[in-house]
Every structure is written in structure tokens, then in C-alpha cells.
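# Observations on the model geometry
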Amino acid sequence: DYGWTADGKYFCVYRLTNSMIQSGVFTVPSTMRELLDGQYRVVGADGVNFGVVTVADGASWGLGRFFRRRGGEPDDLMRVIFDLAERQAEVVLGDEQLVDSANDSPDTE
């Protein structure tokens, strides 16, 4: 799932695969590729810094450190909230509630 939060940030929710966990690479929706191009500081919901994620040509990479420190299993959900103004990506692991809470916003797609 993906869309805009009520406060103007872009979010994506992913179901993790072995490949994503091992490589730290994920795709971004085609409708947002140009808007999201660039680098973002990666932070957890608790504010811990996990380096930088790069978005370019429809792909993103740089979440390896996050997965090494926070874990993640295939079929877990991951939500990334991109703050374009702050150039920050907040990454959270969770369950189906990540999708439900994202869909509660009137600005989701």
C-alpha cells in the first residue's frame, strides 16, 4: 500500500521477502519515482539512525543496516514514511496494523 499521510509525508508499506532483508533493496511505486529520487536519512520510530537510503530509477537501497540491527522475517510488514522536507525515511516493522493505520488517513491511495 502507499499514499500520503495527513501531514503531507509519503508512505509505502511492504511485505518483506528474503531478498529484501538480505540486500536492503526495495522498489518504489512508479507514480512516485521522480518525486522520491534522492537520499534520505534512515531512522527508526524511536529516532535511532540507521544510515542513508538512496532512491533512484525506481529502486531504493541502503536498508541493510536497519535489517541487521532490527531483524525482520519474510512476510513481516515494513512501513517507510518519507519526509521530503527533512530528507528523512522513518522505517517501522510490524503486522497488518501498519496497513490498517496507513489506510485510516484520508490521503491514502
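Residues numbered from 1 in each chain as written. Predicted model: local features only at pLDDT ≥ 70, side-chain atom pairs only at ≥ 80, totals over all residues. Heavy atoms only, no water.

Here strand E4 (residues 38-44) runs beside strand E8 (residues 88-94); their pairing, made up of four bridges, is parallel. Each residue of the ladder has a partner; that of Val43, found in E8, is Glu90. With seven bridges joining them, strand E7 (residues 77-83) and E8 adopt antiparallel strand pairing. Within the sheet, the bridge partner assigned to Leu77 lies in E8 and is Gly94. (Pairing = 2+ DSSP bridges. Helix = DSSP H or I, 4+ residues; strand = E, 2+ residues; numbered from the N terminus.)

Here the phi dihedral of Asp75 falls at roughly 80°; this positive angle occurs in a residue that is not glycine. Tracing the sequence through the fold places Asp75 in the loop between helix H3 (64-70) and E7. For Asp75, a relative accessible area of 53% puts it in the exposed group. In this structure, Arg87 takes a positive phi of about 55° despite not being glycine. Among the structural elements, Arg87 can be located in the loop between E7 and E8. (Buried < 20%, exposed > 50% of the residue type's maximum accessible area, 1.4 Å probe, protein only.)

Positionally, Phe67 belongs in helix H3. For the pair formed by Phe67 and Gln22, sequence separation is 45 residues and the distance between their alpha carbons is 8.0 Å. Beyond its immediate stretch of four places on either side in the chain, Phe67 contacts Leu16, Met20, Ile21, Gly24, Met78 and Leu93. (Contact = heavy atoms within 4.5 Å.)

On to the pairing of E4. Note: E4 against strand E5 (residues 49-56), five bridges, orientation antiparallel. Each residue of the ladder has a partner; that of Tyr40, found in E5, is Val53. As consecutive antiparallel partners, E4 and E5 are separated by four residues, and within that stretch Gly47 has a phi angle of approximately 90°, a positive value.

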